[in-house]
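# Coordinate analysis (summary)
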Amino acid sequence: MSAFHSVVHRAKQKRYSFLMKQTILSGSTVTGNLTLGNYIGAIQNWKKMQNDYDCLYFLADLHALTVSQDPKVLRERTYSFFAQYLALGLDPQKNIIFAQSHIHQHTELSWVLTCLTPLGFLNRMTQFKEKAEKNEKNVNAGLYTYPILMASDILLYQADLVPVGEDQRQHLELCRDLVGFFNNRYGAGILKMPQAFVSKMGARIMSLQDPTKKMSKSDENEKNFVSIIDDEKKIEKKIKAAATDSGTEIKYDVDNKAGVSNLLTIYSTLSERPIADLEKEYEGKMYGHLKVDLAEVVIQTLRPVKAKHDELMRDRAYLDKLLNAGAERAQARAQKTIASVYEAVGLLPRQLF
Ligand code: TRP
């Protein structure tokens, strides 16, 4: 054992291993429904990472306010997303799971960063332009500064890695720019430069009706996604109605057969069988066969998840307790960062007498 390795070994024995693990942070905006796409593309990976990384996952409820929310629905959905995280197998001991609004430091850091962000940087955010177009009646300033709050989420916890989809890449770039500005002006190393975490695992799941678009949790057309807590009848209906392609062959070919390829991807990931195996099994069979079987696979996968979710939702006190425990752990870290940021920019520390 080299000197380095023996140090590592001893640290592990002493349960200080979190000191060496890289920090991963991700979150979901509490809007729409968590989908099979979120599960396969993201949460399934989070589960695999929980032993090897120091992981923080949060419910981005403040980000949800950028579109108009019914307060009751927002509250329910926040509980439900949290219950879905747990039901999907995210361990609240191994990971720090919390609600963004429970940690006031997010908005505090956000303000400091807002004052460092050139308008031009926000003007070029493609997601803002898209959302503003879709949401003509409510183009609020929060929608505009959304990426700054997102940068604060990441930087507050000194995250090394941020698993993001294509659609969030530009936001992460902005975050990296802000770290550059901040550290340049106030001192290197105050904020850690995060990186996009591109997982080798985790397929991109596409919309059921338009398989050239990503399955999105905020899609207005319910037929485009399977929600993790959809009832079984609904799942079956949605899968059976999925758009397939002209032709009859069941073959993985994204360019010419986007629909069938998407169904094969879902099937393969959930059943842990290679796509080639499935192609063989369905040789000479019809799309309908594939859909019937796939619906069954999805239903079987999600049945225990939904059951667990429903059970958790009946015990709000338990969910509150776990959220509070997550917030306590998150806050300790957030406070360290905000204190050094406030000090660096010249805000007077309050003296307690
Ligand atoms: N904007 C992300 C989404 O809608 C959610 C999010 C908010 C996030 N803050 C984040 C993701 C920080 C990663 C890191 O998907």
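Predicted, not measured: the structure shown is a model, and the values here were computed from it.

### Re the site of the ligand
Taken together, Leu25, Ser26, Gly27, Thr29, Phe58, His63, Tyr146, Met150, Asp153, Ile154, Val162 and Gln168 form the complete shell of residues around the ligand. At a separation of 2.9 Å, a nitrogen atom of the ligand approaches a polar side-chain atom of tyrosine 146. Interatomic distance of 2.6 Å between a side-chain N/O atom of aspartate 153 and a nitrogen atom of the ligand. Computed on the free molecule, the ligand has an accessible area of 370 Å², of which 88% lies beneath the protein chains in the complex. Mapped by element, the contributors of at least two residues to the shell around the ligand are strand E1 (23-29) and helix H8 (141-156).

### Looking at the side chain of asparagine 95
Relative to the elements of secondary structure, asparagine 95 occurs in strand E3 (residues 95-99). In this structure the side chain of asparagine 95 is engaged in a polar contact, spanning 2.9 Å, whose partner is the backbone oxygen of aspartate 91.

### Description of empty space enclosed by the protein
Over the atoms, a rolling probe the size of a water molecule traces out where space has been left empty. In this structure the tally under the stated criterion is 1 cavity of 30 Å³ or more. Quantified by volume, the largest cavity comes out at close to 50 Å³. If you trace the largest cavity, you find it lined by Gln127, Phe128, Lys131, Leu143, Tyr146, Pro147 and His171. Mapped by element, the contributors of at least two residues to the lining of the largest cavity are helix H7 (126-134) and H8. Its residues assigned to classes, the lining of the largest cavity shows 4 nonpolar, 2 polar and 1 charged.

### Concerning the pairing of E3
Counting buried residues along E3, 5 of its 5 residues qualify, which places the element largely inside the surrounding structure. Direction of pairing for strand E2 (residues 54-60) relative to E3: parallel, over a ladder of 5 bridges. Paired with cysteine 55 across the strands is asparagine 95, a residue of E3.

### A look at the domain arrangement of the protein
For the protein, the assigned domains are domain 1 (3-197 + 316-345) and domain 2 (222-313). Using only C-alpha atoms to locate each centre, domain 1 and domain 2 end up separated by 31 Å. Of the residues lining the interface, 18 residues belong to domain 1; the matching set on domain 2 comes to 16 residues. Between domain 1 and domain 2 lies a buried interface of about 1500 Å² when both sides are counted; carbon and sulfur atoms form 76% of it. When the area that domain 1 buries against domain 2 is broken down by residue, the three leading residues are Leu36, Ile40 and Ala87, summing to 34%. Our count for the contact surface shared by domain 1 and domain 2 stands at 0 salt bridges. At the boundary of domain 1 and domain 2, one finds 4 residue pairs in polar contact (both at pLDDT 80 or more).

### A closer look at the state of the cysteines
One pass over the full model with this rule turns up 0 disulfides. In this structure cysteine 175 is a free cysteine whose sulfur lies 17 Å from that of cysteine 115, the closest cysteine sulfur available.

### A short note on the packing of helix H11 (residues 258-271) against helix H13 (residues 287-313)
Axis angle and axis distance: for two packed helices, these are the angle between their axes and the distance between the axes, and together they describe the pair. Relative orientation of the contacting elements H11 and H13 amounts to 40°, with a least axis distance of 10 Å. In terms of orientation, H11 and H13 fall into the oblique class. Of the two elements, H11 crosses H13, and the hand of that crossing is left-handed. Listed contacts from H13 to Val260, Leu263, Leu264, Ile266, Tyr267 and Leu270 of H11 are Tyr287, Leu290, Lys291, Asp293, Leu294, Val297, Val298 and Thr301. Looking at the contact of H11 with H13, its residues break down into 11 nonpolar, 1 polar and 2 charged.

### Concerning H11
The terminal C-alpha atoms of H11, which comprises 14 residues, lie 20 Å apart, in line with the 20 Å expected from a rise of 1.5 Å per residue. The buried fraction of H11 is high, at 13 of 14 residues. Remark: glutamate 272 follows H11 within two positions and exhibits a positive phi of approximately 55°.

### Overview of the packing of aromatic side chains
Think of a pair of aromatic rings as described by two things: how far the centres are apart, and how the planes are tilted against each other in angle. Under the criterion given, the structure shown has 9 aromatic pairs. A ring pair is formed by phenylalanine 98 and tyrosine 157, whose centres lie 5.4 Å apart and whose planes are at 55°; its orientation type is tilted. Taken together, the positions of phenylalanine 98 in strand E3 and tyrosine 157 in the loop between H8 and strand E4 (161-163) put the pair 59 residues apart, joining distant regions of the chain. Of the two residues examined, phenylalanine 98 and tyrosine 157, each falls in the buried class. Between the NZ or CZ atom of lysine 131 and the centre of the ring of tyrosine 146, over which it lies, the distance is 4.1 Å. The ring of tyrosine 282 has lysine 285 sitting right over it, with the charged end atom 5.5 Å from the ring centre.

Basis of the calculations
- Counting restarts for each chain: residues are numbered from 1 in the order of the written sequence.
- Where totals are concerned, whole chains, interfaces and linings use all residues; where local detail is concerned, this predicted model gives features only for residues with pLDDT of at least 70, and gives and counts side-chain atom pairs only at 80 or more.
- As a rule here, side-chain values cover all heavy atoms of the structure and leave hydrogens and water aside.
- Residues are counted as near a molecule or strand when any one of their heavy atoms sits within 4 Å of it.
- Nitrogen and oxygen atoms within 3.5 Å of one another constitute a polar contact, given that in protein one can donate a hydrogen and the other can accept it, and given that sequence-neighbouring residues count only through two side-chain atoms.
- Only the protein chains shown count as cover for residues, with accessible areas throughout obtained via the Shrake-Rupley method and a probe of 1.4 Å.
- Elements are defined by DSSP. Helices are runs of H or I of four residues or more, strands are runs of E of two residues or more, and each kind is numbered from the N terminus.
- Using a 1 Å grid laid over the protein atoms alone, points where a 1.4 Å probe fits but cannot get out form a cavity; open sets with protein on both sides within 12 Å along at least 5 of 7 lines form a pocket; any residue with an atom within 4 Å of a point counts as lining.
- Grid points are joined across faces, edges and corners, and a volume is the space filled by probe spheres set on the points.
- Polar here means any residue other than Ala, Val, Leu, Ile, Met, Phe, Trp, Tyr, Cys and Pro, which are nonpolar, and Asp, Glu, Lys and Arg, which are charged; Gly is therefore polar.
- Each residue is assigned to one of three classes by its accessible area relative to the maximum for its type, calculated with a 1.4 Å probe on protein chains only: buried under 20%, partly exposed between the two thresholds, exposed over 50%.
- Strands were regarded as paired on the criterion that DSSP finds at least two bridges between them.
- Residue ranges labeled as domains rest on an automatic or database domain assignment.
- Throughout, a contact is declared for two residues whenever any of their heavy atoms are within 4.5 Å.
- Accessible area that two parts lose when put together, with a 1.4 Å probe and added across both, is what the buried area reports.
- A pair is scored as a salt bridge if a Lys or Arg side-chain nitrogen falls within 4 Å of a carboxyl oxygen belonging to Asp or Glu.
- Two cysteine sulfur atoms make up a disulfide if the distance between them is within 2.5 Å.
- Fitted lines through C-alpha atoms give the axes, limited to the stretch in contact for helices. The angle between two N-to-C directions lies from 0 to 180 degrees.
- Under this scheme an angle from 65 to 115 degrees is roughly perpendicular, one under 35 degrees roughly parallel, and one over 145 degrees roughly antiparallel; angles in between are oblique.
- Left-handed describes a crossing in which the near helix is turned anticlockwise from the far one by less than a right angle; the clockwise case is right-handed.
- Given a helix with a known number of residues, its expected span is that number minus one, times 1.5 Å.
- Note on ring pairs: Phe, Tyr and Trp rings are taken, using the six-membered ring of Trp, and paired if centres are within 6.5 Å. Classes follow the plane angle, with under 30 degrees stacked, over 60 edge-to-face and the rest tilted.
- Over a ring means this: the NZ of a Lys or the CZ of an Arg is within 6 Å of the ring centre and within 35 degrees of the ring normal.

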